[in-house]
Amino acid sequence: MTKGDLDGLRCWGRPVKPVALGLTVLMLTLTVSNVANVGVFEALWLGDVVAVMAGSAALLLLGGWVLRSQRAAEWGLLLACIVYIVRSSFLFFLVGPGEQGVWLSLGAAMIAGGAYLLETTDEQAEWRWRRKHEAV
Amino acid sequence: VDPVLSQALATLCGAIATAILMAASYYWGPRKRDERATRRAEREAEE
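Note that this is a predicted model, so its numbers are computed, not measured. (Residues numbered from 1 in each chain as written. Chains lettered and ligands numbered in written order. Predicted model: local features only at pLDDT ≥ 70, side-chain atom pairs only at ≥ 80, totals over all residues. Heavy atoms only, no water.)

Here we come to the overall build of chain A. Summing up its helical and strand segments, chain A has five helices and two strands in all. In chain A, the succession of α and β elements from N to C terminus is β-β-α-α-α-α-α. Along the first, second and third principal axes, the C-alpha set of chain A runs to 50 × 30 × 25 Å. Per-residue burial over chain A gives 45% buried out of 136 residues. Taking as baseline every contact in chain A between residues at least 6 positions apart, the subset at least 24 positions apart corresponds to 61%. For chain A, the accessible surface area stands at approximately 7,300 Å², while carbon and sulfur atoms represent 69% of it. Charged side chains of chain A number 11 positive and 11 negative; the gap between the two group centres comes to 8 Å. (Helix = DSSP H or I, 4+ residues; strand = E, 2+ residues; numbered from the N terminus. Buried < 20%, exposed > 50% of the residue type's maximum accessible area, 1.4 Å probe, protein only. Contact = heavy atoms within 4.5 Å. Areas by Shrake-Rupley, 256 points an atom, 1.4 Å probe, with all protein chains shown as cover. Lys, Arg positive; Asp, Glu negative; His and termini not counted. Charge placed at Lys NZ, Arg CZ, Asp CG, Glu CD.)

Scanning chain B for helices and strands turns up two helices and zero strands. With the principal axes as the frame, chain B shows a C-alpha extent of 65 × 15 × 10 Å. Within chain B, the proportion of its 47 residues that are buried is 28%. Here chain B contributes 7 positive and 7 negative side-chain charges, whose respective centroids are spaced 3 Å apart.

Let us look at a nonpolar patch on the surface. A cluster of nonpolar side chains, A:Trp45, A:Val49 and B:Val4, forms an exposed patch at the surface whose accessible area comes to about 280 Å². With respect to the secondary-structure elements, A:Val49 resides in helix H2 (residues 45-66). (Patch = residues over 30% accessible without salt bridge, like charges linked within 9 Å, V, L, I, M, F, W, Y side chains within 5 Å. Salt bridge = Lys/Arg side-chain N within 4 Å of Asp/Glu carboxyl O.)

Residues and elements named next belong to chain A. Over its 25 residues, helix H3 (residues 70-94) extends 36 Å from the first C-alpha to the last, a length consistent with the 36 Å expected when each residue adds 1.5 Å. Burial analysis of H3 places 19 of its 25 residues in the buried class, which makes it a mostly covered element. Looking one or two residues beyond H3, the residue adopting positive phi is glycine 96, at roughly 120°. (Expected span 1.5 Å × (residues − 1).)

What follows is about the confidence of the model for chain A. Looking at chain A, the pLDDT average stands at 86 and 90% of residues meet or exceed 70. Mean pLDDT values over the elements of chain A span from 61, in helix H5 (residues 123-135) of chain A, up to 94, in helix H4 (residues 100-120) of chain A. (pLDDT = per-residue confidence, 0-100.)

With that settled, the discussion passes to helix H1 (residues 3-27) of chain B. Along an α-helix, residues three or four positions apart point the same way, because every turn accommodates 3.6 residues. When the terminal C-alpha atoms of H1(B) are compared, their 36 Å separation across 25 residues agrees well with the 36 Å that a helix rising 1.5 Å per residue should span. Listed as buried for H1(B) are B:Ser6, B:Gln7, B:Ala10, B:Gly14, B:Ala17, B:Thr18, B:Leu21, B:Ala24 and B:Ser25. Of the surrounding secondary structure, the elements contacted by the buried residues of H1(B) are H2, H3 and H4 of chain A. Near the N-terminus of H1(B), the side chain that reaches the backbone nitrogen of B:Val4, with its oxygen 3.2 Å away, is that of B:Asp2. (Polar contact = N/O pair within 3.5 Å; in protein donor to acceptor, adjacent residues only side chain to side chain.)

So, on to the packing of aromatic side chains. Applying the stated rule across the entire model yields three aromatic pairs over all chains. Taking the centre distance of 5.4 Å and the plane angle of 90° together, the rings of B:Tyr27 and B:Trp28 count as edge-to-face. (Phe/Tyr/Trp six-rings, centres within 6.5 Å; stacked < 30°, edge-to-face > 60°.)

On to the side chain of A:Thr121, then. One can find A:Thr121 in the loop between H4 and H5. Taking relative accessible area as the criterion, A:Thr121 reaches 13% and is therefore assigned buried. Polar contacts involving the side chain of A:Thr121 include one to the main-chain carbonyl oxygen of A:Leu117, which spans 2.6 Å. Those residues in contact with A:Thr121 that lie beyond four places of it in its chain are A:Lys3, B:Ser25, B:Trp28, B:Gly29, B:Pro30 and B:Arg33.

So this is what it looks like as structure tokens:
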């Protein structure tokens with residue numbers, strides 16, 4: 001169990017990470033909207049980059065849960081944070097600080113980044129790392 | 001700001017944020033903690 005898991009709750013033998021679950025839904029939404037060119041990026045090239053990154057994040061989060069891979073979940077959370085930072089700063093530079101999306105995306109990026117730090121600095125991760133290096 | 005310039009600046013911000021997050025996860029992460037614990041044990045052994 002890591003700091004991002006719900007204590008004692010298991011779903012099909014797998015831990016449940018509520019923040020990662022919510023971010024998966026958000027990443028799928030951003031992927032679809034950027035592929036369909038309906039998001040803030042419209043038909044800009046950054047929109048395609050963000051679509052690929054958001055799709056990869058959703059895949060890593062879902063795949064990490066199915067395959068019980070903590071590492072994949074951590075990378076998924078990091079990618080989700082990057083996607084939101086890029087979205088937030090793009091809106092900031094294009095429209096300005098008066099745009100609500102800037103601050104909504106910044107908050108979402110903080111949630112994703114915080115979840116990433118909680119997962120990567122967890123003692124469970126320490127145990128995993130020690131086991132890997134002591135086995136060599 | 002021009003959309004193309006905004007894209008470039010947003011990409012830069014994304015890269016900076018990634019670097020900060022990865023550095024923070026390394027600094028407070030298990031690897032660094034392990035190194036610190038080893039150094040402390042060595043120092044105590046010397047004393």
